[in-house]
Amino acid sequence: MNAQELRNKTPDQLREDLVNLKKEAFNLRFQQATGQLENTARIKSVRRDVARIQTVLNEKAAEAAN
């Protein structure tokens, strides 16, 4: 998921994606704690995707405020 794709989405779609990614991050943390996680790099990519979505949401909010 890149920033350009995210900028083309509506804020509602972004919030929905954000909720889904946070749920996935939660599940990945549980898998890691129990030793069931196979792809540890997925945690990093999910965290970065969450940050990207939050950044784009903040950009859109700043745009709307002006």
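Residues numbered from 1 in each chain as written. Predicted model: local features only at pLDDT ≥ 70, side-chain atom pairs only at ≥ 80, totals over all residues. Heavy atoms only, no water.

What about the pattern of salt bridges?
For clarity, the threshold we go by: The working definition used for a salt bridge is a side-chain nitrogen of Lys or Arg within 4 Å of a carboxyl oxygen of Asp or Glu. Numbering of helices and strands runs from the N terminus; a helix is a DSSP stretch of H or I covering at least four residues, while a strand is a stretch of E covering at least two. Whether a residue is buried, partly exposed or exposed follows from its accessible area with a 1.4 Å probe, protein chains only, as a fraction of its type maximum: under 20%, in between, or over 50%, in that order.
Here the structure, examined in full by the defined rule, presents five salt bridges. For Arg 15, the salt bridge identified is with Asp 12, shortest N-O distance 3.1 Å. With a gap of three residues between them, Arg 15 and Asp 12 both fall in helix α2 (residues 11–34), about one helical turn apart. Classification of Arg 15 by relative accessible area gives partly exposed; the value is 43%.

A short note on the environment of Ile 43
Test applied: Contact definition: two residues touch when any of their heavy atoms are within 4.5 Å.
Position of Ile 43 among the secondary structure elements: in helix α3 (residues 41–65). As a C-alpha pair, Ile 43 and Leu 28 span 15 residues in sequence and 6.6 Å in three-dimensional space. Not counting residues up to four positions away in its chain, the partners in contact with Ile 43 are Leu 28, Gln 32 and Leu 37.

Description of α3
The condition is simple: Each helix should span, by expectation, one fewer than its residue count multiplied by 1.5 Å.
Under the 1.5 Å per step criterion, the end-to-end length of α3 is 37 Å for 25 residues, consistent within 8% with the ideal 36 Å. Looking only at α3, the buried set comprises Ile 43, Val 46, Asp 49, Val 50, Ile 53, Val 56 and Leu 57. Check the buried side of α3 and you find it contacts α1 (3–7) and α2.

Just distances and angles here, no functional claims.
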